[in-house]
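Analysis of the macromolecular model
Residues per chain, in single letters:
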Amino acid sequence: MDKIGFARFSSKAKPYVLTVAVQFGFAGAYIFSMASFNIGMSRFVFIVYRNIIAAVTLAPFAWFFERKVRPKMTISVFLHIMALAFLEPVIDQGFTFLGMQYTSASFASVLSNTVPSITFFLAIIFRIEQINIKQIRSIAKVVGTLVTFGGALLMTVYKGPQIHLFYSPNNAHHHAGSHDTQTLKHWVSGTLFILCGCFAWSSFFIIQSITLKKYPAEMSLSTLICLVGSLMSTAVALVAERHSGAGTWALGWNFRLYGPLYTGIVNSGITYYVQGLVMQSRGPVFFAAFNPLCMIITCALGSFLFGEQLHLGSIIGAVIIAMGLYSVVWGKAKDTTTTPPSPVTMKQIETQQLPITSSDHV
């Protein structure tokens, strides 16, 4: 393979490699977050520290790498950033973490697979995605979306018996009384909270893809989202924890620090940037369609580390959701292959491999 051929292959493979890497990061976020909550850390405080750490980590890189390509801030872009900060750090993280405390990290990762379908539905509304009922690929995306919603609905209304993935001495204690009325109420409430978070996350994808067209500086945009999000979440935390003592905000050399540190750097920082790169070239639906990988990793780690147990309804729902997702992915792949490629020069390919220093990505 010559230099040009290798560069073209790398350019095509880059969105897949980056998206898969992000899914491993997402799986780690579920585990680190749950570990922090298990030792009593407030989810409101967790969100504040997570976004402060992300903003501080990203800011130097954004200033250095994008100082020559960063566009001027406008009122429209600022309002978009406000909306993005409210949707993701405040709404999505807040509701998802609450739902995860009522259910489990594994269940939250499974239910998050509804995000691609919700994203696809919103993309149609905002005319980011085009549908033609005469084309098989469009039918596949629509059917896949409906199937995914069916899987999520099944998980909400049917719990079923426990499925033991790994043996843990904490299993019996951790899930004792899991079928009583109070626990079932929490399970339903947790499911609805996680779905609210999924809707906010999908909305974030859509608005981020629109904002990047007006403000094509991924690192700077991510930094601003985390900064504004930390201010918003601080206001929420001060109200929610107004009766708590100063110890609520204390950190330590444990998961009260490790959780916000990991999720802040990897998820709220690097992930925002990477998903911006991917969505510039492949769109929000493509990025969201890789969620099943995160589900598999999280379920395995959650069961092994925390003794979390999935239920039969979650397993069946996950399989149905995965089938729907891959139908959507297949349709998206056909969209890409039916688009005639434009001539690419070696200079253009080299430029595409340096997204940080150029606003023309992939």
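Every value quoted in this text rests on a predicted model; they were computed, and no experiment measured them.

1. A few points about the packing of aromatic side chains
On inspection of all chains with the given rule, the structure shows 15 aromatic pairs. Considering the side-chain rings of Phe-26 and Trp-201, the 6.1 Å spacing of their centres and the 80 degrees angle between planes classify their relative orientation as edge-to-face. Here the residue Phe-26 occupies a position in helix α1 (residues 3–38), and Trp-201 occupies one in helix α8 (residues 181–214), the gap between them amounting to 175 residues. For the pair Phe-26 and Trp-201, a shared accessibility class is recorded, and that class is buried.

2. A few points about the nonpolar core
By size, the foremost hydrophobic cluster in this structure holds 64 residues, and its most contacted members are Met-100, Val-110 and Phe-287. Leave out the neighbours within four places in its chain, and Phe-287 touches Thr-19, Val-22, Gln-23, Phe-26, Phe-205, Gln-275, Val-278 and Met-279.

3. What about the confidence of the model for the protein chain?
The pLDDT averaged across the protein chain works out to 79; a share of 82% of its residues lies at or above 70. Between the elements of the protein chain, mean pLDDT differs from a low of 35, seen in helix α14 (residues 346–352), to a high of 93, seen in helix α3 (residues 75–102). Low pLDDT, under 50, characterises residues 167–179; the predicted model gives this stretch 17 contacts beyond four residues in sequence or across chains. Every residue in residues 341–362 is under pLDDT 50, and counting partners more than four places away or in other chains gives 37 contacts.

4. Section: a nonpolar patch on the surface
There is a patch of nonpolar side chains on the surface, built from Met-73, Ile-75, Phe-78, Leu-79 and Met-82 and spanning about 500 Å² of accessible area. Mapped onto the elements of the fold, Met-82 is located in helix α3. On the basis of relative accessible area, Met-82 is assigned to the partly exposed category, the value being 31%.

5. Here we look at the packing of helix α2 (residues 43–65) against helix α9 (residues 218–240)
For any two helices packed against each other, the geometry is given by the interaxial angle and the distance between the axes. Running from N to C, α2 and α9 cross one another at 160 degrees; their axes reach a closest spacing of 7 Å. Compared by their axis directions, α2 and α9 come out roughly antiparallel. Remark: the crossing between α2 and α9 carries left-handed chirality. For the contact of α2 with α9, the residue count by class is 18 nonpolar, 8 polar and no charged.

The rules behind the values
- Residues numbered from 1 in each chain as written.
- Predicted model: local features only at pLDDT ≥ 70, side-chain atom pairs only at ≥ 80, totals over all residues.
- Heavy atoms only, no water.
- Phe/Tyr/Trp six-rings, centres within 6.5 Å; stacked < 30°, edge-to-face > 60°.
- Helix = DSSP H or I, 4+ residues; strand = E, 2+ residues; numbered from the N terminus.
- Buried < 20%, exposed > 50% of the residue type's maximum accessible area, 1.4 Å probe, protein only.
- Core = buried A, V, L, I, M, F, W, Y, C linked by side-chain atoms within 4.5 Å.
- Contact = heavy atoms within 4.5 Å.
- pLDDT = per-residue confidence, 0-100.
- Patch = residues over 30% accessible without salt bridge, like charges linked within 9 Å, V, L, I, M, F, W, Y side chains within 5 Å.
- Areas by Shrake-Rupley, 256 points an atom, 1.4 Å probe, with all protein chains shown as cover.
- Salt bridge = Lys/Arg side-chain N within 4 Å of Asp/Glu carboxyl O.
- Axes fitted to C-alpha atoms, helices over the stretch in contact; angles between N-to-C directions.
- Parallel < 35°, antiparallel > 145°, perpendicular 65-115°, else oblique.
- Left-handed = near helix turned anticlockwise from the far one by under 90°.
- Nonpolar A, V, L, I, M, F, W, Y, C, P; charged D, E, K, R; others polar.

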